[in-house]
Every structure is written in C-alpha cells, then in structure tokens.
Amino acid sequence: MSAVTTPVTRSPEAGTAPAESAWSRWANAHRKWLFAAPAMAFVAVLIIFPVAWTGYLSLTDAEGSVRAESEFIGFQNYLDVLSDTDRFWPAVWRTALFTFVVLLVEVVLGMAIALLLWRPFRGERWVRVAILLPLVATPVAVGMMWRLIFDPNIGMANQVLSWVGIGPQPWLSGQNSALPTTMFIDIWQWTPMVVLILLAGLTSLSDEPQEAALIDGASIWQRFRHVTLPLLMPTVIVAILLRGIDALKTFDILYATKGRGGGSFHEVETLNVYAYGLSFDYNDYGVSSTVLIIFFLIIIGVMWALTYRKKGLER
Amino acid sequence: MKPSRPFKVFRAVALVLVVFSLIAPLLWMVAASFKTNVDIYDTGKALVFTPTLDNYDTVLQQANYVQFIGNSLWVALAATVFSLILGVPAAYSMSRFNMKKSALVVLMARVIPGVSLLVPWYYVFSNLQMVGGYTVLILSHMFVSLPLIVYIMMGYFDGLPGELEEAALVDGLTHIGAFRRITLPLSVPGVATAGILSFIFSWNNFMFALVLSGADTKTLPVAIFDFVGYASIDWGGLMAAATVVTVPIMLIALFVQKYIVSGLTAGATKG
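Here's what I pulled together on the structure shown here. (Residues numbered from 1 in each chain as written. Chains lettered and ligands numbered in written order. Predicted model: local features only at pLDDT ≥ 70, side-chain atom pairs only at ≥ 80, totals over all residues. Heavy atoms only, no water.)

As for its position among the elements, M145(A) is in helix α6 (residues 139-149). On the basis of relative accessible area, M145(A) is assigned to the buried category, the value being 1%. On a C-alpha basis, the gap between M145(A) and P90(A) in space is 28 Å, while along the polypeptide they are 55 residues apart. Each residue touching M145(A), except ones within four places of it in the same chain, is listed here: W188(A), P25(B), L26(B), M29(B) and M239(B). (Helix = DSSP H or I, 4+ residues; strand = E, 2+ residues; numbered from the N terminus. Buried < 20%, exposed > 50% of the residue type's maximum accessible area, 1.4 Å probe, protein only. Contact = heavy atoms within 4.5 Å.)

Before going further, it helps to spend a moment on the packing of helix α2 (residues 31-57) of chain A against helix α5 (residues 100-111) of chain B. Packing of α2(A) against α5(B) brings their axes to within 9 Å, and their N-to-C directions diverge by 40 degrees. Between α2(A) and α5(B), the angle falls in the class oblique. At the point where α2(A) passes α5(B), the crossing takes the left-handed sense. Side by side, α2(A) and α5(B) meet where W33(A), A39(A), M40(A), V43(A) and I47(A) of the first sit next to S102(B), V105(B), V106(B), M108(B) and A109(B) of the second. (Axes fitted to C-alpha atoms, helices over the stretch in contact; angles between N-to-C directions. Parallel < 35°, antiparallel > 145°, perpendicular 65-115°, else oblique. Left-handed = near helix turned anticlockwise from the far one by under 90°.)

At the interface, 95 residues of chain B touch 101 residues of chain A. At the boundary of chain B with chain A, total buried surface from both sides reaches about 9100 Å², with 79% on carbon and sulfur atoms. On the surface where chain B and chain A come into contact, there are one salt bridge. A salt bridge links D246(A) to R110(B); the nearest nitrogen and oxygen atoms lie 3.1 Å apart. Linking chain B to chain A there are 13 residue pairs in polar contact (both at pLDDT 80 or more). Tallying contributions element by element places helix α1 (residues 5-33) of chain B first for the side of chain B that touches chain A, with 15 residues. Within the side of chain B that touches chain A, the residues separate by chemical class into 73 nonpolar, 18 polar and four charged. (Buried area = accessible area lost by both parts, 1.4 Å probe. Salt bridge = Lys/Arg side-chain N within 4 Å of Asp/Glu carboxyl O. Polar contact = N/O pair within 3.5 Å; in protein donor to acceptor, adjacent residues only side chain to side chain. Nonpolar A, V, L, I, M, F, W, Y, C, P; charged D, E, K, R; others polar.)

Let us now look at the side chain of T60(A). Residues and elements named next belong to chain A. If you trace the backbone, T60 turns up in the loop between α2 and α3 (76-82). We classify T60 as buried; its relative accessible area is 0%. Within the structure, the side chain of T60 is placed 3.3 Å from the backbone nitrogen of A62, a separation counted as a polar contact. In this structure, T60 is in contact with S70, E71, F72, I73, N77 and G286, ignoring residues within four places of it in sequence.

Written as structure tokens, this is what we have:
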C-alpha cells in the first residue's frame, strides 16, 4: 500500500481531535525524514568520518601515537602491503580459507540438521534449546572453554582420543592444527545459526510440490535435490550472506584462543587480527589503515558479488 | 507427510548426537568452574570431583567482577534503549516509505569490519577525553545494536497492515499520533525481539570494549582476560568467569526463546 499523504479533512463536529500546533503540522509533513534521519546520522557520523580518515591515514606514514605528526607518502603503503608476502598475503589466504571452510561446513551441516528438524517429533523443544545455547553464548567465553578442552596436556579432547587409542594432538598450539581447530570452534558456535535460518525457510515451504514429486515416484534424494533445494535456495543465499559477513570478520574466537597477533607463528592471523595487531600492538597506523582499506574493498566486493548472484537466482 | 520408521530411528540417533555435541562442552565449562586447579589437571577427576565454590569466590570477591557485571548490564541496557529510540521510528519510516537506500546506510554498519573504525574512534574519543568512560562504550555498542534493530523492525513493520493507521487518520489522529497510539502498541512483540537480541549482542561484544574501555569500565568479555596470564592460566577462575558471562544470557535466552529465534531468522524466509 502507499502511504497516505493527502491531508485528512475533518468535520467541525470532530471536537475531540487534538489541536494542531505549527510544530506538529511540520512534524507530520516531514515525518519520513524526522523518523529516519537521527538513526542515519548516528551511523553515518560513526562510519563516514572513520572510513575517510582511514583512507587518508593509509596514504601517510602515521605510527607511534594516534596524535603523532605524519607525512603524506602517496600509495607507498599500498605498494608495500601488496608486495608483502610475509604477513599480508598469508593473512588474506587464511581469511579466505577460514571463511570458505566454515561457510561450507556450516551450510552443509546446517542443512542436514535443519532437514532432521523439519517434521514434528517428540522432544523437539529440547533440541531447539540445545541449538539456541551456542548462539547466545559469549564468543570470548566460548573460545576460553574450547581452549581448556583442547589444552594438549589437561584437555578433554586428547583424553577422549586416548580412549580410542589415538595419540595426543597439539590442537590450538600446533602450527598446522591451530587454524583448523579455530574453524571447528566457529563451526560449533555458528552452525546453529544456519540451522535456524534454513528451518525457518523450510517451514514456510508448501507441501504440495513435495507430494507431487512423491506421487511421481521420486526418491528422498531426488525430492531434496530437485524440489526442496531449488525452493529453499533464496534462504540458503540469505544464510550464506549473513554468516559470510561475520566469518570474514571473525575476531573474538581467534583472539581468545591464540591471543594478539594470532599466535607466535601468526598461525591464525586473519586480516582482521592482522589489522588489529598493527593498529593496537605496533601502532603502525599507516600500514594498518592500508590493510583495512583493502579488507574493506574485499568485503564490499564479496557482498556485491553475492547480492548480484542472489538477484540472478531470483529471476 | 509422515516420516517412515527407519528415518525416525536415524533421526533420533542423529539428534541425540547433535544435542550432545552442543551441550557437552558447555557442561564441561561449568563443571570445571567448580573444580580446584589441582582437580582440573587430574584427568582421573574428569567427572567425579568434590565441587568447590572457591573459583566463584575469586571471581566475585577478589576480581572486582561485581563491578564488571554492572558495567556489562549498564552498557548493554543503555545501548539497547537508545538504539530502540533511534531505530524503531527509523525502521518504521524506512518500511512505510520504502527507503531502501537509506536503510542501506544503517545496515552498512553490519558489514564494515569493526577494526576499521576503531583507530579513528580511538583518536577522536581520546582527544575528547572520553576513552575509558561509559559514554563511548554505549555509543560503540549502539553501533552494533542499531542496525540489528532497524533490520528486525523493518521486517516487522512490513508485515503490519497500513489500514489500521489509515482508519486512525480518519478518526482524527495525526500521522505521528497514529504511529504512537496504533502502530507502536501493535509492534510490542517486534520491539521485544529487537530489544532482546540487541541486549545479547551488546553483552557479548568484545572488540569495541577491548579498545575503548578503561580499568574500571571493562565489560565482562574483556574482564575474562584477567584470568589469562603470560606464564600460566588460572583455569578454574577462567572457567568460573566464562560461566558468569554466559550462563545469565543463556537463561534469558531459554525464557524468551521464541523472540530470539524470530529475531535471528528475521528476513530469512522472504529471500
């Protein structure tokens, strides 16, 4: 429906109508912006200036203190960062790998669990409670919890492995196992989110196409592949979008389990962790701003690509 | 459609596994919070141990945690209330007038990595002598809550029929009056959903408080790190601290499950 913009004519008898002051007339006429502007202004002020300033800093050699004098050095930082195969490119690679793996596992696993939960069953309430708990748990506390479980000496994880005759693993402290272990923690915490979203999508589907396929003699897999999945695709894309943005920006779990700098060998150092370390541990503001601008462009690019793909699917 | 019998058995087994893997780690954390550090190191006492409240004593009496709990509550509540005041009317306007581009401005806050804002914020707020104060924490947490609230409420208002407002206009209410007396009371469930979710996300937020809080204004997620030393970790204290942070929010979640689920899945089914 369209908004009512024509003034309402009142009969003189409608004496109970509140007297309109000039202010309330003005407010009513401009309510569209009166309502929206404060929130927009708040966000814009907290975004536009910082992003512009980060862009400017990335062109300077700012370091040491945020108040220190800095010199304009053009695109030197960008050349340095983009040719840095020591920290920058590995961080880009790790960010991409982390995002890709957790997204893939969370969507596949989330889809499987959502399909299990789709039809009513006894004890549904309990499963729903279990699914909600990791989602609302504080990520830093979740990181700490897994840090104890994955501790190489006292952790439960190695204890369980020893029962089935597998030797102790270094988990978070291993140079090659740390990143997969943090991925596991992310998957533990956020798969339930994908489950909830997909379940909402499944519940809103109508039963008729399913029944028609059943009558045509389609197997379970065929029904999923050719009926459920295509109908659910828009919801899947929403889940990928929402989880993807957050997975790219993962910070809490990495910081809680490996600390600043992503461990002594930077083994879990993603772009977010790298930029945080550059800013607040090394106070290398020029370089960190450069990394952030590049990171920012990557996120915008990915977002654009995903929404573009989503529009393509809806057609 | 009725599920077949073998499927039911398979489903039961699979779901028990899912529930176990989601709940067990949390129970493990709570169990460790009742153990002495000696018992935590003793794998023989994994399940059978003498519970002790010493860790909670450390956390609540010595580590100044009562104040940090207060900080978290105050920051999360204030950020939620102010974000609702700004966000609900904005979402209403954006939904009714189909202001997609304006909504995008607010939702950008959801997409931008928080670190990229922290250096400039830190610069400005330290020049204003506000770093370490509550105001800057509340403002930064509002940055998390506001887009969330706008997103949820826009979906909610989209689903409210405009006819009721039109009827109110005919009855002599102004546009703003109709919003205040008709639409707002009708959207109480939506506001509850948005408010609860905003509180949870603000309570759990870590990065902003890590940089912008001071020794006395620390929120709980930052205060947890007091138990992590460079050389050793007080595991018992750490798990008690982690329990103190997570358990209250989980209890809230259990009571208002319906709202949280509807908030987290807002917009999911529209595609």
